[in-house]
Amino acid sequence: MSTDSVTADAVEHYAYLWQTSPYPVRWAIWNTVDGTMVFDRQINCPVGIDDEATLREIVSRMREAGVPESDDYPGRPCG
C-alpha cells in the first residue's frame, strides 16, 4: 500500500502517531481478533481511523518507526 491510494492529507493528519517523542511510548499497535488498531495508552482506548486504506498506511509507518505491537491489550485495566 502506498500513499498513492490514500490521500497524503489523510495520512499526514495522523503523523503524530509515528513521530519520535521525549516521552515514554504513548502509541501502540494492537492486533485483535477483529483486526489491527492504533491504541492510545494515555487515554486508554483505540484511535478512531475510519478509512481502511488510511489505517493500513498509518500502521505501516508506525511499524517502520518501531512503535510497539502486541496481540495483548496494551492499556491499563478498564474500570
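Structure: above.
Because the structure is a prediction, the values reported are computed rather than measured.

Asks: Help me out: how do you make sense of helix α2 (residues 52-65) in this one?
Replies: Residues that lie three or four places apart on an α-helix share one face, since the helix turns once every 3.6 residues. The end-to-end C-alpha distance of α2 is 20 Å, a good match for the 20 Å that 14 residues give at a rise of 1.5 Å each. Within the sequence span of α2, burial applies to Ala53, Thr54, Leu55, Glu57, Ile58, Val59 and Met62. For α2, the secondary structure elements touched by its buried residues are α1 (8-13), β1 (27-32) and β2 (35-40). Following α2 by one or two positions, Gly66 has its phi on the positive side, about 85°.

Asks: It is not clear to me how the pairing of β2 should be interpreted in this structure. Could you clarify?
Replies: Walk down a regular strand and you will see the side chains alternate between the two sheet faces. By the bridge criterion, 6 bridges tie β1 to β2 in an arrangement that is antiparallel. Counterpart to Trp27 in the pairing with β2 is Asp40. Bridge count for β2 against strand β3 (residues 45-46) is 2 bridges, and the pairing is antiparallel. Paired with Asp40 across the strands is Cys45, a residue of β3. Linking β2 back to β3 in an antiparallel pair, the connection comprises 4 residues, with Asn44 at a positive phi of about 60°.

Parameters at a glance
- Every chain is numbered independently, its residues counted from 1 as its sequence is written.
- Only residues with pLDDT of at least 70 get local features here, since the model is predicted, and only at 80 or more are side-chain atom pairs given and counted; chain-wide, interface and lining totals rely on the full set of residues.
- The basis for every side-chain value is the complete set of heavy atoms in the structure, and neither hydrogens nor water enter the calculation.
- Strands are runs of DSSP state E lasting at least 2 residues, helices are runs of H or I lasting at least 4, and numbering of each runs from the N terminus.
- Multiplying 1.5 Å by the helix residue count minus one yields the expected span of that helix.
- Relative accessibility thresholds used throughout: buried, under 20% of the residue-type maximum; exposed, over 50%; partly exposed, between the two (1.4 Å probe, protein chains only).
- Pairs of residues are marked as contacts when any of their non-hydrogen atoms sit within 4.5 Å.
- Two strands make a pair as long as DSSP finds a minimum of two bridges between them.

In short, geometric facts, not functional conclusions.
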